Each structure stands twice: as structure tokens, then as C-alpha cells.
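Inside the fold
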Amino acid sequence: MARAGVLTRITALLPGRGDLEQMRRRPRRDLLAGLTVAVVALPLALGFGVSSGLGAEAGLATAVVAGALAAVFGGSNLQVSGPTGAMTVVLVPIVADHGPSGVLTVGLMAGLMLVALALLRAGGSMRYVPAPVVEGFTLGIACVIGLQQIPNALGVDQPDGERVLGVALSAARDFAAHPDWTAPALAVAVAAVMLLGARWKPTVPFSILAVIGATLLSEAAGLGVRPIGDLPSGLPAPSFGFVDTAALGSLVAPAVAVAALAALESLLSASVADGMTVGQRHDPDRELFGQGIANIASPLFGGVPATGAIARTAVNVRTGATSRLASLAHAAVLAVIVFAAAPLVSRIPLAALAGVLLATAVRMVEVGSLRAMARATRSDALILVLTAVATLVLDLVLAVIIGLAVAGVLALSAVARQARLAPLPLDRQGDHTDAEHELLSEHIVAYRVDGPLFFAAAHRFLLELTELADVRVVILRMSHVSVVDATGALVLKDVMEKLARRGIVVMVSGIRPEHRRVLDSVGVLDLLRHEDGEYATTPEAIRAARDRLHLTGVLPSARAADDPAPAPGPPGPAASTSAAPSAAVRETS
């Protein structure tokens, strides 16, 4: 049965006839969009391959293999996948420590994790990531990508080290020792053409035009700027060179980081594509499945793990793509370039690619969104800054964990502040005189508990209730309690026991049916049953409290005789009655 369920789930995640039919509707439009995306993706794929430490050919292989497989198996009709700057940041230390075999092993492990997440229907969890975490994460990645380009932009050798800040500072010192402004000028020129051109005519692929211009200028003027170097004419044959089993343990954490990043960035990119179109909705679980397949296969062909790429996906949408055919066409065009134009691509200056990625880093930062987030609340601003700094100083997955943890703590604090313990005026709960109210107020206190009674808020109630003096009965109206967890129930039980040792009885009214199980599990209902302390409505609880005080002599028996509506005896617990209260009772419960 379990095996049949897994097979059914896998079948549901595979491409269907509807995907093929959609690809046939507007093929010319999709092919044109794919060509445009390929032109934009070429310099990015080359640049991210170089930045990863595996070379430009690794970036091209990733764009071709992962781009095609994610297009076929993914959950978005418009998503374009390939190497990204965020993934490059994670891969640099893996390449340094374990080489290409480490990347292959990590890619395989991460791909299997993504497939497992898809089978477990974890794709919908993306909606629980707070916007400040996403914005801070994006800002941090942009800073990391920019700092990674400093050595190539300055034309110096790549310094040793894993921390981008240290590497950038070392590169700056090397440049200061022997300055040559050719490479920096080329990088700045390429970045300027991209940024200014995007403002002038967003639909024109200025990145490829700038790279072609920089390459021609470098060749014609003999600038002596370091080029990419030799590229293989075609994709390498599949490789199965995994690391030794002894090293697998050290790669589990990087694999988790790669899988988490691929899931986060891909689902975010697919959501962005949905927002840019009408009628397009991605399947998050199928998207994870497609990214898993892509990340298993890409390293086998010399590539690196891939994710959905927001920038390329946005270009795909803006140029009119309507189906997966556009993403497949983008991968096919890049494959043609790999096989037919490798010698030309190998002559592109590294400084030009650095300029492309510097411009990409600048365009990743949405100043308006950051300003709006910072102005929203102090909590949002704090989460954004912490996530960005952690991304820059620590690592990407740890940064997201820190951002989520801080967001969770602040959210719990905000919810806890909504919990209130307010005195309930007794003169509105029954038909007794002012004299009786004055006497009752000396011995009975009624409180209305509002909001959640859970671990982040319950202890305030313990402190407040246990400090009561000159009181014989405490009535808690719980009909407005929204949530009760085990901690809240235990705190309530602790309050009841502490007050009982002081001779104070606790009565409770209006317990909601959904809260009874947790209260019963810790023994609260047993205590209430023992003292006849549970009632359906607050007026019933007040009458029972008055009767108890009459019987114990706290209130004179004469007042009990003069009571205009005496109760025949202490009413039984609300749990023992099954009749629904009347409308009048419900209004005062």
C-alpha cells in the first residue's frame, strides 16, 4: 500500500498531456522568448560558472542540462532555471575543500532531498517565509555577489579564502600594490551599459551587447585583459566520480544548504512569475520535484547545482513566453553555443563578466521594497538587517534560519501581548443591589481572559492572579480565549493549586469545546470537577460563588434569604449538562 501511494504521488508529479498541448499553442512566440532569454543568460551562466570555481564551462553545462530538465519536470510554465549567484556562494567552499567530486556528491544529495520534499508535499511551506527574511536574504546575496567579483574586476589573481569580505580586501590590497586600471575600466563600462541601457530600453539585451563590445575592444586594442580561457566544444560525458564514503558526513550540511537554497529561490522565482502574469499558477511540489531532477543530473555533466533564476524568469515573462517551450528553447540555444561557438566564448574577458555580475547584483536590490519594509515596523526592519548581515558574514542557510527564528520570536511576542486579563464588572452579571455588589467585591473577583493562553503569555497570569488579597473566590471567564496549549493549561492548574492553598476557590466559565482536551490532559478539569468549579456562563458561576460564601459564613445568611432570585443550591458543573444555553446566556458568557 505504501509503495502504491509513493508511485501514485510520483505519477502526479510527472509531466502530463496538458503541458504538451500548451506548448503547441503559440510556439513561435515561445521560441522567440527562449532565444531572448538565452542571450541574456549566456554571460550570467559564464560568470557564475567562473565564480563557483569550476570554470565557465560548468556554468554553461548547468544552464543547458538543468535548464532543460527543470523546464520539463518543474511546476511552472514560465520558470527559467540555471546557475545563480546565491548558489555560487554556497558552492565556493565545497569546491575549495572537495573539488568537482564534492559538487557532484552534494548535487546528488540535494537533488534527492528536493525530490523527497516534493513527495512530502512541502512546497506550500514557502508562504510561511516572512517578507523581511526574503528581502534581507536577497540584499545579502547581492552584496556577496558584488564582493565576489572584486578580484576579476580589478584584474588580480583570486586570493585564497572562503569569506568574501576577506577575499575582496585581499584583492584590493593586491591591486593597490600594482595598479592597472584596464580591467576595472572594462568592468565598470560593462556594468554602466547594462544599468543605463535597462532604464532606456528594458527589452534590449544590453548584457550580451556589452560583453561583445568589451571582447571586441579587448581584442582590437590588445588590452591584455585576462580572458575566460579554453572551453570544451560540447558537454562532457557523464561523470560518476563521487567523494569517498568517509567524506560523506562532512557533505551532509552543505547538501542541506544547497537543497534549502534551491527550494527557497526556485519557489520564490515561480511566485514572482505568477505575479507578473494573469492565469498562471505554479505547482510548488512539482517545482521542487523538477529542481530535484535537475540538480541530480547537472553535476553529472560537469555542471553545478541550479535553482530557478528570478532575473531570467522575469525576462522570459516580459518577452511573451506562454509555456515551457520557451525555457526549453533557451537551453537549446545555449547548447548550440556550447557546441558551435566555444572558441569565441573563450575569448570573453573575465573583467567583462565581472561587470555583468556587478550590474546584476545592483539590480537585485529593490530600494523601494527595502525602504517600505524598513518603515513598516521596527521588527520588520530588524529581521531584514539581521538576515542581510548574516548572509554576508555567515552563510545563506544559517542566515535564513536566523531570520526565521527572530521573526518567530518577535511574532510570538506580539501575539503574547494581545493576551489580557481584565477585571469583569460584577454589577453587570446579575440582579443584585449595590450593597450586595459592595460586599461581593470584597470577596469575589471575576476576570475575563482574552486572547491566547500559551507558553509566551501564560506566566503573566500566574504572577497577577497569585498576588490577589482579601479574596475567597476567583472567577475566570474563558469564552474569549483563542488558544490554549499545554504550558498555558499547566500554568492555569498551578494558579488553581496555589490559590487553593490560600483558601481561595477558582471557578471557570465558558470553556470552549476545542480547549477541553488540553485542559483535561493536565488535570485542570479534574480540579474543577472536585470543587464544582466549572460553569457554562459567568452569571451561573457568580451565583454559585455567592451560595458558597453564604454556606461558609463569609456572607451573612440573612442576605441569602433576602436574595430576590436565590439559587436552590450550587449548580452542577457545565460539563454535566448537554443542553445549549439560551441566547441571553450566550451573550453574557
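First, a word on scope: everything that follows refers to the structure included in this document.

**Some points on the side chain of Gln 22**
Within the fold, Gln 22 resides in helix α2 (residues 17-23). Apart from the residues within four sequence positions on either side, Gln 22 is in contact with Asn 77, Gln 280, Thr 322 and Ser 323.

**Digging into the pairing of strand β4 (residues 444-453)**
Buried residues dominate β4, accounting for nine of its 10 residues. One ladder, built from five bridges, connects β4 with strand β5 (residues 473-477); its direction is parallel. Of the residues in β5, the one forming a bridge with Arg 448 is Arg 477. For β4 and strand β6 (residues 481-484), the ladder comprises three bridges, and the chain directions are parallel. Following the sheet pairing, Leu 453 is matched in β6 by Val 484.

**Concerning unusual backbone geometry**
Notably, Arg 121 is not glycine yet its phi reads approximately 60 degrees, a positive angle. By secondary structure assignment, the location of Arg 121 is in the loop between α5 (85-119) and α6 (131-148).

**Structural notes on the nonpolar core**
Residues Leu 46, Val 258, Leu 334, Ile 348 and Leu 396 are the most contacted members of the largest nonpolar core, which totals 87 residues. For this core, the element with the highest residue contribution is α5, accounting for 14 residues.

**Some details on the layout of surface pockets**
The calculated volume of the largest pocket comes to roughly 1,400 Å³. Residue lining of the largest pocket: 47 residues in total, with Ile 310, Ala 311, Arg 363, Met 364 and Glu 366 positioned closest to the centre. It is α6 that provides the largest number of residues to the lining of the largest pocket, a total of seven residues. For the lining of the largest pocket, a count of residues per class yields 31 nonpolar, nine polar and seven charged.

**Quick notes on the environment of Ala 96**
Of note, Ala 96 is situated in helix α5. A residue is classified by how much of its surface remains accessible, and Ala 96, at 56% relative accessible area, is exposed. Taking C-alpha positions, Ala 96 is 9.6 Å from Ser 52, a pair spaced 44 residues apart along the chain.

**Comments concerning the pattern of salt bridges**
One pass over the structure, following the stated rule, counts 10 salt bridges. Asp 520 serves as the salt-bridge partner of Arg 529, at 3.5 Å between the closest nitrogen and oxygen. Among the charged side chains, a salt-bridge network with shared partners connects Asp 19, Arg 286 and Arg 324.

**What to know about the pairing of β5**
In terms of burial, β5 is largely enclosed, as five of its five residues are buried. The alternating pattern of β5 places Val 473, Ile 475 and Arg 477 and Val 474 and Leu 476 on opposite faces, both of which are buried. Across five bridges, β5 lies against strand β7 (residues 505-509) in parallel orientation. Counterpart to Val 473 in the pairing with β7 is Val 505.

**Some thoughts on the environment of Ile 511**
One can find Ile 511 in the loop between β7 and α23 (516-521). Ile 511 sits in the buried class, given a relative accessible area of 14%. Separated by 32 residues in the primary sequence, Ile 511 and Ser 479 have C-alpha atoms spaced 5.7 Å apart.

**A few points about a nonpolar patch on the surface**
Together, Leu 165, Val 385, Val 389, Val 393, Leu 394, Leu 398 and Ile 401 make up an exposed nonpolar region whose accessible area comes to about 550 Å². Elements with a contribution of two residues or more to the nonpolar patch: α18 (378-393) and α19 (396-418). Considering each element in turn, the nonpolar patch owes the most residues, three residues, to α18. Locating Val 393 in the fold gives a position in helix α18. The class of Val 393 is partly exposed, set by a relative accessible area of 41%.

What counts and what doesn't
- Residues numbered from 1 in each chain as written.
- Predicted model: local features only at pLDDT ≥ 70, side-chain atom pairs only at ≥ 80, totals over all residues.
- Heavy atoms only, no water.
- Helix = DSSP H or I, 4+ residues; strand = E, 2+ residues; numbered from the N terminus.
- Contact = heavy atoms within 4.5 Å.
- Buried < 20%, exposed > 50% of the residue type's maximum accessible area, 1.4 Å probe, protein only.
- Pairing = 2+ DSSP bridges.
- Core = buried A, V, L, I, M, F, W, Y, C linked by side-chain atoms within 4.5 Å.
- 1 Å grid on protein atoms, 1.4 Å probe; cavity = no way out; pocket = protein on both sides within 12 Å on 5 of 7 lines; lining within 4 Å.
- Points joined across faces, edges and corners; volume = space filled by probe spheres on them.
- Nonpolar A, V, L, I, M, F, W, Y, C, P; charged D, E, K, R; others polar.
- Salt bridge = Lys/Arg side-chain N within 4 Å of Asp/Glu carboxyl O.
- Patch = residues over 30% accessible without salt bridge, like charges linked within 9 Å, V, L, I, M, F, W, Y side chains within 5 Å.
- Areas by Shrake-Rupley, 256 points an atom, 1.4 Å probe, with all protein chains shown as cover.

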